Amino acid sequence: NEGSILPQLLHQTLHVRDFFDHPAHEQYDCIIGNPPCGSPKQQTKSSGELWLDAQRSAEAKKKRKYPEPPNRERSWPFIWKSLEHLSPQAPLALLLPSTGFFLNDVKASLVRLLDFARLSKLIDLSDLRRVLFKNASLPTSILHAQREEGRASHTFAYVCPKADINATRGDR
């Protein structure tokens, strides 16, 4: 369009479809996302859970198993699929529920994540939950990592900004 600053993105680099139907062979230089989160309320499996089941069947042969998401958390299959679509060394940035990282039964998923990714930063926005997202039902975090297979020893930044309740008051 005349006067547009950005190039046409829709159907070029932005795709509107179920991520779990996305062809496995397509690789990207960067993935940024805000996947669905929380435990599914229905008994039927989500598209992410169905994808994960299919991966487990195929992975039994490759011995590359993804753990069961804790509490059926819907964001974990999205993390795994994102890592499969990333080009080597490509960055990943996802807005995720903090509970997906800090529940007691998440250890297997975190350990496996380090097999496929190098974390650079985890920003825990839990204290800013109501400040940033007025109607948020879950606390959130931002995961920043890059695809890197093999568990090389590394450090990452854990950032947890604190809310100043007075900063949101309009009477100052």
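See the structure shown above.
Rules and cut-offs
What you see as residue numbers is a count from 1 along each chain, following the sequence as written. In keeping with the model being predicted, local features are shown solely for residues with a pLDDT of at least 70 and side-chain atom pairs are shown and tallied solely at 80 or more, while totals for entire chains, interfaces and linings include all residues. Each side-chain value is derived from all of the structure's non-hydrogen atoms; neither hydrogens nor water enter the calculation. Note on geometry: axes are C-alpha line fits, over the in-contact stretch for helices, and angles between N-to-C directions span 0 to 180 degrees. Here a strand is any run of E in DSSP of at least two residues, a helix any run of H or I of at least four, and the numbering for each starts at the N terminus. For classification, angles of less than 35 degrees are called roughly parallel, those exceeding 145 degrees roughly antiparallel, those between 65 and 115 degrees roughly perpendicular, and all remaining angles oblique. We call two residues in contact when some of their heavy atoms are within 4.5 Å. Here the nonpolar group is Ala, Val, Leu, Ile, Met, Phe, Trp, Tyr, Cys and Pro; Asp, Glu, Lys and Arg are the charged ones; every other residue, Gly included, is treated as polar. By the convention used here, strands pair only if DSSP detects at least 2 bridges between them.

Caption draft 1: How the structure looks around the packing of helix α2 (residues 75–85) against helix α4 (residues 107–116). Where α2 meets α4, the axes come as close as 11 Å, and the angle between the chain directions of the two elements is 10°. When the axis of α2 is compared with that of α4, the two are roughly parallel. Touching Trp-76, Ile-79, Trp-80 and Leu-83 of α2 are Ser-109, Leu-110, Arg-112, Leu-113 and Phe-116, all from α4. Each residue belonging to the contact of α2 with α4 can be placed in one class, and the counts come to seven nonpolar, one polar and one charged.

Caption draft 2: Spatial organisation of the pairing of strand β4 (residues 140–147). Where strand β2 (residues 91–97) and β4 come together, seven bridges link them in antiparallel fashion. In the sheet register, Leu-96 faces β4, and the bridge partner there is Ser-141. Pairing of strand β3 (residues 117–124) with β4, which is carried by seven bridges, proceeds in the antiparallel orientation. Looking at β4, one finds that Lys-121 is bridged to His-144.

What is shown is where atoms sit, not what they do.
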